[in-house]
Each structure stands twice: as structure tokens, then as C-alpha cells.
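Given next are the chains, with one letter for each unit.
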Amino acid sequence: MTKNYLFPARFQKFGWFLLVPFGLMFLLFAFGPDSIKERWPIPVFALVDQVLFQKTSWFSFTSNCVFDEVTLIGLIVSLLLIAFSKEKDEDEFISQIRLNSLVWALLINYGILILAELFVYGFPFLNVLYFNLIMILVLFVIKFRIELYKLKTNAGNEK
Amino acid sequence: MKNNIKVERAIKNITQQRLADSVGVSRQTINAMELGKYVPSTLLALKIARCFETSVEKIFQLEDGE
């Protein structure tokens, strides 16, 4: 009650605003042609780098298209802002709903991951991992929004 | 745990919204408490009792088996 790690409420709108471009770019990288991942490479610093079947190099410079990195970071930041900004009327009941939604999202996320582990083999599993990067946050945001919507409609209008 | 927030509100003739504002929560939270869907923290229970100028036990009571 006395301390939480939530962002101020105004950040949430900013998060939704960022979600649109970064979400679209994320889907483009997931389903688009592979060639877009190789456009306009620039030199970047690599803490660790390894080309397939070659020696691992530490603290080197490599050449890379940074669009996918920018997209993933942007998407994670926007989802974090949406998920963990305070509601305008954040109180202890909403905090409890938040916690329950987060537990639900974690359980469903790892349930999906276990099923994928059992039934998806080979290359498509990389896609599972790719979506798994943001799955917890997406599931949490959806669940939390639904619960808040139910809360607001159930409370109805006061007599 | 049961409570008689609704009764106390009727006696004082205040709306859920006004009670919510005076104890610093959303109206949905007051509604959920009245419906028994949410058990408030000690802090909130004390604030509600203060708002009704009575003691916590007058508003919140344990049910059988609790």
C-alpha cells in the first residue's frame, strides 16, 4: 500500500500511442519477408556475437540492421507503460485486480510455452520464442482491461 | 466478512460516489464492498468508520466460521 512501482497515470496514453507503430513493425518482422531484416546495416558494438558455426567473439563490432532491435525495445517499453501506469482511480481494489491479472497472465503464458515445447518442433519454435518475448505483457494488458471493464459495467449506475 | 456500509450510507444519506471521494477510493470499490466482493484493508476500513463517525466493528463484522 505504501509503496508501489507503478508509473504516473499520464504515461499510459503515451504507451498506447507508441504501441501502434511498434506493434505493426513487430508483426512485419514476424510475418514479413526476411530481406527486411538485412536492409541498411550499420556498425554496432557487440558484447557477444556469433555467426552460425563460427567462433564466438566478445567485445567486437559487427554490422547489423537495427530496425528489429528498435522495434522490440519500443514495443516492450510501450507495453510496460500501458501495463504498469497507474489507473486514474488506482486504489487498493484495483491493485488487487492488477495482481490477480498478472498471476493469470504468468500462468497462461507458461502454460502456452509448455504446450508449445511439447508440440512445436524445429524452426517454428523460434517463432514461439519470438512471440513469447512479449506474451506475458500482452496477456496481462488484455486480462486487466477486461477485468476493469467488467468492474465498471457491473458497478452500474447508482440509484 | 459482512458489512453494513449500504445501511450506514442510507442513514447518512450519502451516495457511493461521495463516500468514495471522502475515503479516497473509486466508486466501484465501494460498490464491490457493499456486494461482499471485496474485503477492504484495515486502513480503508478505519477511514470508512471515521466517515460514518462510528467504530470499525459497528460496520464490519466477522461471519460464522471466520
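Structure shown above.
Conventions we followed
Residues numbered from 1 in each chain as written. Chains lettered and ligands numbered in written order. Predicted model: local features only at pLDDT ≥ 70, side-chain atom pairs only at ≥ 80, totals over all residues. Heavy atoms only, no water. Helix = DSSP H or I, 4+ residues; strand = E, 2+ residues; numbered from the N terminus. Polar contact = N/O pair within 3.5 Å; in protein donor to acceptor, adjacent residues only side chain to side chain. Contact = heavy atoms within 4.5 Å. 1 Å grid on protein atoms, 1.4 Å probe; cavity = no way out; pocket = protein on both sides within 12 Å on 5 of 7 lines; lining within 4 Å. Points joined across faces, edges and corners; volume = space filled by probe spheres on them. Nonpolar A, V, L, I, M, F, W, Y, C, P; charged D, E, K, R; others polar. Salt bridge = Lys/Arg side-chain N within 4 Å of Asp/Glu carboxyl O. Buried < 20%, exposed > 50% of the residue type's maximum accessible area, 1.4 Å probe, protein only. Phe/Tyr/Trp six-rings, centres within 6.5 Å; stacked < 30°, edge-to-face > 60°.

Trainee: Quick one: what's the story with the side chain of Ser-85 of chain A, residue by residue and with numbers?
Mentor: All names here are of chain A. Summarising the element assignment, Ser-85 is placed in the loop between helix 2 (67–83) and helix 3 (92–119). Among the polar contacts listed, one links the side chain of Ser-85 to the backbone nitrogen of Gln-12, at a separation of 3.4 Å. Those residues in contact with Ser-85 that sit more than four places away from it in its chain are Phe-7, Pro-8, Ala-9, Phe-11, Gln-12, Leu-80 and Arg-98.

Trainee: Describe the layout of surface pockets, with residues and values.
Mentor: All names here are of chain A. In this structure, the largest pocket occupies an estimated 470 Å³ of space. Around the largest pocket, the lining is made up of 14 residues, and of these Phe-29, Lys-37, Leu-126, Asn-127 and Tyr-130 lie nearest the centre. Top contributing element to the lining of the largest pocket by residue count: helix 4 (residues 124–154), with five residues. Split into classes, the residues belonging to the lining of the largest pocket amount to eight nonpolar, two polar and four charged.

Trainee: Give me the interface of chain B and chain A: which residues, what numbers.
Mentor: Interface size is often expressed as the accessible area that is lost when the parts come together. In this assembly, 18 residues from chain B lie in contact with 15 residues from chain A. Connecting chain B to chain A are zero salt bridges. In this assembly, chain B and chain A are joined by four residue pairs in polar contact (both at pLDDT 80 or more). Among the secondary structure elements, those contributing two or more residues to the side of chain B that touches chain A are helix 1 (5–12), helix 2 (16–23), helix 3 (27–34) and helix 4 (42–51) of chain B. Looking at the side of chain B that touches chain A residue by residue, the class counts come to six nonpolar, eight polar and four charged.

Trainee: Break down unusual backbone geometry for me, citing the residues and quoting the values.
Mentor: For Phe-59 of chain A, which is not glycine, the phi dihedral falls at a positive 50°. On the secondary structure map, Phe-59 of chain A appears in strand 2 (residues 57–64). Despite not being glycine, Asn-13 of chain B has its phi angle at roughly 55°, a positive value. Classification of Asn-13 of chain B by relative accessible area gives exposed; the value is 66%.

Trainee: Could you give an account of the packing of aromatic side chains, naming the residues involved and the relevant values?
Mentor: The geometry of an aromatic ring pair is captured by the separation of the ring centres together with the interplanar angle, meaning the angle of the planes. Residues and elements named next belong to chain A. Enumeration according to the criterion identifies nine aromatic pairs over all chains in this entry. Ring plane angle 5° and centroid distance 4.5 Å describe the contact between Phe-26 and Tyr-130, whose orientation is recorded as stacked. With Phe-26 in helix 1 (residues 11–31) and Tyr-130 in helix 4, the pair connects residues that are 104 residues apart, well separated along the chain. Classification of Phe-26 by relative accessible area gives buried; the value is 3%. For Tyr-130, a relative accessible area of 22% translates into the label partly exposed. With 5.7 Å between their ring centres and 65° between their planes, Phe-45 and Phe-61 make a pair best called edge-to-face.

Trainee: Explain the pattern of salt bridges to me, using residue names and the numbers behind them.
Mentor: Residue and element names in this part refer to chain A. Here the structure, examined in full by the defined rule, presents seven salt bridges over all chains. Its salt-bridge partner being Arg-145, residue Glu-87 comes within 2.6 Å of it at the nearest N-O pair. With Glu-87 in the loop between helix 2 and helix 3 and Arg-145 in helix 4, the pair connects residues that are 58 residues apart, well separated along the chain. Of the residues examined, Glu-87 reaches a relative accessible area of 10% and is grouped as buried. The partner of Lys-143 in a salt bridge is Glu-147, and the shortest N-O contact between them spans 3.2 Å. Residue Lys-143 and its partner Glu-147 are located together in helix 4, separated by four residues, close to a single helical turn. Put simply, Lys-143, Glu-147 and Lys-150 are held in one network by salt bridges that share partners.

Trainee: Account for helix 3 of chain B, naming residues and giving values.
Mentor: Along helix 3 of chain B, eight of the eight residues are buried, which leaves the element largely enclosed by surrounding structure. Among all positions of helix 3 of chain B, only Arg-27, Gln-28, Thr-29, Ile-30, Asn-31, Ala-32, Met-33 and Glu-34 of chain B are buried. The elements touched by buried residues of helix 3 of chain B are helix 3 and helix 4 of chain A together with strand 1 (2–3), helix 1, helix 2 and helix 4 of chain B. Taken from the residues just after helix 3 of chain B, Gly-36 of chain B is the one with a positive phi, measuring 75°.

Shape is all these values report; function is a separate question.
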